Amino acid sequence: MLQYLASLPGAVVLGLIWGVMSLGVFISYKILDIPDLTVDGSFVTGGAVCAVVIFMGGSFWIGILLGIVAGLLCGLITGLLHTLLGIPAILAGILTQLALWSVNLKIISITGQSSNVGISARSFDVIFSQLNVYDTLWKIGIIFVLLVLAFYVFFGTELGASIRATGNNQKMSRAQGINTKFNIVLGLMLSNGLVALSGALLAQYQGFADINMGRGAIVIGLCAVVIGIAITKHISPNFLVRMSGVFVGAIIYYLVYQTVVFLGLDTDLLKMLAALVVAIFLGFPYLYKTYFSKWSRNHKNKKLAAGGNNND
Amino acid sequence: MIELRNIVKRFNNGTASETVAIDHLNLTLQEGDFITVIGGNGAGKSTLINIIAGSFPADEGMILLNNNDVSKMHEYQRAQYFGRVFQDPMVGTATDMTVIENLALAYGRGKTRSLFRWSYRPSDVEFFVNELKTLGLGLEDRLYQKVGLLSGGQRQALTLLMATIRSEPSYNKVKRDYVRFFDGDKKLAKQEIDAAFKQAFDEFKASKKEVLESGLNKEEKKAKIKELKNVLDKKLRQYDVTKPVLLLDEHTAALDPKTAEKVLETTDRIVKENNLTTIMITHNMKDAIKYGNRLIMMSKGKVVADIAGEEKKKLTIETLLDMFVTNSKNDMLADSAIFGD
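> Quick one: what's the story with the overall build of chain A, residue by residue and with numbers?
Helices and strands together make up the secondary structure of chain A, namely 11 helices and 2 strands. Scanning chain A from its N terminus toward the C terminus, one meets helices and strands in the order α-α-α-α-β-α-α-α-α-β-α-α-α. In terms of its C-alpha atoms, chain A occupies a principal-axis envelope of roughly 80 × 60 × 30 Å. Relative to its full complement of 312 residues, chain A shows a buried share of 51%. Of the contacts made within chain A by residues no fewer than 6 positions apart, 76% connect residues no fewer than 24 positions apart. Counting only carbon and sulfur atoms, one obtains 68% of the accessible surface of chain A, whose full area is about 14,400 Å².

> Break down the domain arrangement of chain A for me, citing the residues and quoting the values.
All names here are of chain A. Domains assigned within chain A are domain 1 (2–265) and domain 2 (270–312). Here the C-alpha centre of domain 2 lies 34 Å away from the C-alpha centre of domain 1. In this complex, domain 1 contributes 13 residues to the contact, which on the side of domain 2 involves 9 residues. Summing the contributions of domain 1 and of domain 2, the shared interface buries around 910 Å²; its carbon and sulfur component is 87%. Taken together, the links from domain 1 to domain 2 amount to 0 salt bridges. There are 1 residue pair in polar contact (both at pLDDT 80 or more) connecting domain 1 and domain 2. Secondary structure elements with two or more residues in the side of domain 1 that touches domain 2: α9 (217–232) and α10 (239–262). Examining the composition of the side of domain 1 that touches domain 2, we find that 6 residues originate from one element, α9, more than from any other. Looking at the side of domain 1 that touches domain 2 residue by residue, the class counts come to 12 nonpolar, no polar and 1 charged.

> Got a sec to walk through the nonpolar core? Specific residues and values, please.
Side chains of nonpolar character tend, in soluble globular proteins, to be buried together. Among the nonpolar cores identified, the biggest contains 76 residues, and A:W18, A:F151 and A:L201 are the most heavily contacted of them. Those residues in contact with A:L201, other than ones at most four positions away along the chain, are A:I17, A:V20, A:I64, A:I127, A:F128, A:I140 and A:I143. By size, the runner-up hydrophobic cluster in this structure holds 29 residues, among which are B:I22, B:L25, B:I63 and B:M298.

> Pulling in residues and values, what's your account of the side chain of B:T282?
Residues and elements named next belong to chain B. For T282, the location among the structural elements is in the loop between β8 (278–281) and α10 (285–290). In terms of polar contacts, T282 uses its side chain to reach the backbone amide nitrogen of N284, at 2.9 Å. Setting aside its immediate chain neighbours within four residues, T282 contacts V37, I38, E250, D287 and A288.

> Account for the environment of B:K262, with residues named and values stated.
Residues and elements named next belong to chain B. Locating K262 in the fold gives a position in helix α9 (residues 257–274). Along the chain, K262 and P57 lie 205 residues apart, while their C-alpha atoms are 34 Å from each other. What K262 contacts, discounting residues up to four positions off in sequence, is L135, G136 and L137.

> Explain the interface of chain B and chain A to me, and be specific about the residues and the numbers.
Across the boundary between the two partners, chain B contributes 29 residues, which contact 21 residues of chain A. Between chain B and chain A the total buried area reaches about 2,300 Å² when both faces are included, carbon and sulfur atoms providing 56% of it. Viewed at the interface, chain A and chain B are joined by 3 salt bridges. Here B:R117 and A:E158 are joined by a salt bridge, their closest N and O atoms 3.1 Å apart. The interface formed by chain B and chain A contains 14 residue pairs in polar contact (both at pLDDT 80 or more). Ranked by residues supplied to the side of chain B that touches chain A, first place goes to helix α3 (residues 99–107) of chain B with 4 residues. Class assignment of the residues belonging to the side of chain B that touches chain A gives a composition of 13 nonpolar, 7 polar and 9 charged.

> Before we move on, can you summarise the domain arrangement of chain B with the specific residues and values?
Under the domain assignment used here, chain B contains domain 1 (1–81 + 244–341), domain 2 (91–169) and domain 3 (171–237). The straight-line distance from the C-alpha centre of domain 2 of chain B to that of domain 3 of chain B is 30 Å.

> I'd love a proper account of the packing of helix α1 (residues 2–31) of chain A against α9(A), names of residues and values included.
All names here are of chain A. Axis separation between α1 and α9 bottoms out at 8 Å; the angle between their running directions is 80°. Relative to α9, α1 is oriented roughly perpendicular. Facing α1, whose interface residues are W18, M21, S22, V25, F26, Y29 and K30, α9 presents A217, I218, I220, G221, L222, A224, V225 and I229.

> So, helix α11 (residues 270–305) of chain A: which residues are in play, and what are the values?
Residue and element names in this part refer to chain A. Look at α11: 49 Å from first C-alpha to last across 36 residues, which is about the 52 Å you get at 1.5 Å a residue. Taken as a whole, α11 has its buried residues at L270, A274 and V278. Elements that come into contact with the buried residues of α11 comprise α9 and α10.

> How would you sum up unusual backbone geometry? Please name residues and give values.
Residue and element names in this part refer to chain B. The backbone of N6 sits at a positive phi, close to 55°, despite the residue not being glycine. The topology assignment puts N6 in strand β1 (residues 2–11). For E250, which is not glycine, the phi torsion reads 45° and is therefore positive. The residue E250 is located in the loop between β7 (245–249) and α9 in this model.

> Run through helix α4 (residues 122–135) of chain B, naming residues and quoting values.
Residue and element names in this part refer to chain B. Among the residues of α4, those classed as buried are D124, V125, F128, V129, L132 and L135. An end-on view of α4 places all buried positions within 140° of arc, on one side of the element. Facing away from the buried side of α4, by more than 90 degrees, are the exposed residues S123 and E126. Those residues of α4 that are buried lie in contact with α3, α5 (152–164) and α9. The first or second residue beyond α4 is G136, which carries a positive phi of 65°.

> How would you explain a nonpolar patch on the surface if you had to name every residue and give the values?
Residues and elements named next belong to chain A. Together, L265, L269, M272, L273, L276, I280 and F281 give the surface a local cluster of nonpolar side chains, amounting to about 610 Å² of exposed area. Tracing the sequence through the fold places I280 in helix α11. Since its relative accessible area comes to 53%, I280 is described here as exposed.

> Got a sec to walk through the sheet that holds strand β3 (residues 34–39) of chain B? Specific residues and values, please.
Residue and element names in this part refer to chain B. Across the sheet, 6 strands lie side by side as β6-β7-β8-β3-β9-β10; this open sheet has mixed pairing. The sheet is open, and its two edges are formed by β6 (82–85) and β10 (302–308), each paired on a single side. For this sheet, the mean inter-axis angle between neighbouring strands, taken without regard to orientation, is 20°. With respect to the sheet, helix α1 (residues 45–53) is in contact with β3, β6, β7, β8 and β9 (294–299), its orientation differing from that of β7 by roughly 145°. Those strands touched by α5 are β6 and β7, and its axis lies near 175° from that of β6.

> Got a sec to walk through the environment of B:L103? Specific residues and values, please.
Residues and elements named next belong to chain B. Mapped onto the elements, L103 comes out in helix α3. Between the C-alpha atoms of L103 and P89, which are 14 residues apart in sequence, the distance is 15 Å. Once residues within four sequence positions are removed from consideration, L103 is found in contact with F128, L132, L158, L161, M162 and I165.

What counts as what
Residues numbered from 1 in each chain as written. Chains lettered and ligands numbered in written order. Predicted model: local features only at pLDDT ≥ 70, side-chain atom pairs only at ≥ 80, totals over all residues. Heavy atoms only, no water. Helix = DSSP H or I, 4+ residues; strand = E, 2+ residues; numbered from the N terminus. Buried < 20%, exposed > 50% of the residue type's maximum accessible area, 1.4 Å probe, protein only. Contact = heavy atoms within 4.5 Å. Areas by Shrake-Rupley, 256 points an atom, 1.4 Å probe, with all protein chains shown as cover. Domains from an automatic or database assignment. Buried area = accessible area lost by both parts, 1.4 Å probe. Salt bridge = Lys/Arg side-chain N within 4 Å of Asp/Glu carboxyl O. Polar contact = N/O pair within 3.5 Å; in protein donor to acceptor, adjacent residues only side chain to side chain. Nonpolar A, V, L, I, M, F, W, Y, C, P; charged D, E, K, R; others polar. Core = buried A, V, L, I, M, F, W, Y, C linked by side-chain atoms within 4.5 Å. Axes fitted to C-alpha atoms, helices over the stretch in contact; angles between N-to-C directions. Parallel < 35°, antiparallel > 145°, perpendicular 65-115°, else oblique. Expected span 1.5 Å × (residues − 1). Arc of directions from axis to C-beta. Patch = residues over 30% accessible without salt bridge, like charges linked within 9 Å, V, L, I, M, F, W, Y side chains within 5 Å. Pairing = 2+ DSSP bridges.

This is the structure in structure tokens:
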């Protein structure tokens, strides 16, 4: 039990690191209304670029910065595939993701390794690592606050508002003189930049970047987003709250993760569990609308027929 | 002035189901014209508006705005010269954004969306409130509510407002558009406008100096200078040649009769107040006769009747129906079913 409690701060840290990634998913999935599957690839790209820079003796700041730039480029490619070539967004993301697998292997191979780069805090200078969880906790906490504030400000500007409008109603946006294609590309770049930043942070925290570290990332991101929305929906429609909710969603995901691991669930089943959670959360509003409302209508009608009133 | 020259639009080009939506159409709108367009389903009315606004390109022909071809411009670029209201109340607004955010989006039409300006400033709020008050729907009290919560009629009225409010373009843009839309030697136009602007600014500076050197107190000086600025602004605005042209695509079709009438009256008032050039598609013959100074009937992608001025005022639904029947014998049955009012 003590061991379980001791693992909770680590879960919060992981939640916040993946929260950065989830914020990226929030931008593409909720704001731009595009399910962008690039993230499974760009997450690794961010981690790999950062790890390679640190491995070669560069500062972790440069590593993080170049990781973000790499992520922006990933988003740019998906965006151009979608807007210039007219490939459906979901397919454009899959294509980039597939191509990134090769790119990521090549990036990692710069160091002479085949599929992962070790950058343990014991021998490398990194921003934080799991060797010191509490140090990590306040650092990632600051990153969380800065990011949420920065994007809150951004989406309040003319440019940010026009991106929100693009995701909301493209036809209207064009009629109001908004360059929707540019905004979609920009939005996807920002989204993947965040995802890559998250990858860079995770690589340093866990002490290595691995070609497989992004597998299923999109599902974790979606999981955090849908949990976050489910929670904040009843609190406030404020954008700051909604974005913070995404991080809370990611933390909840990792707390649940730690708990089911502690309870002895086969870790092989975790990805399936994540997919299940997303399916339930995404499907619930539909189920509610189609079945529950019908049930409640029938219920009320029965009452009406029985001579009651339907004011409840 | 808008001129459509020889516009052709085909759908399903080169296939067995090829249809000609617009068939070598020519149309000229003078500044301040309010045209109502009627015609049966498939006559090409909506296609026409979509082509003018740039939602899709025409296969042939030119669209001239003040004698300048705009047919190569993207839809979002053309939006600075056109304001649109769609048939579907869901289309014209961003439903997840608030009333004021929607207005701010429209207000920024034709300007670069900057990263360094808020989408709206506290100083804009009063302006938006006053504009909303003119609609008389109480929307001014719902500034911070999401548009998704509004009714269809309220949304159409809001979209109408969004199509017509546009922030005053910057002086540079006024100059640029003056040259772009000048009919004749562009170099001369540039010299002319530069000289006019320089003169206005020089006059402003001179009188400002006078005020500053006069013996007035601080407050009076401030007020005087503000007044001078307004005079300057008015002088320079004379050269703004690009008032938005209003494109209305059956914008009351989805509303109940009472709301539709209210939205139409608002439309008429806004058009008259701002002397806007307007194209309004409608399925209602009464409205087509009641509003505007010119009526156009379309059939199979062509203008088959064009009635303006006194002649239009004398129109009755019966004469319109007769005209309609003679002009479209083939699809008479289907169309009279629609027009049977």
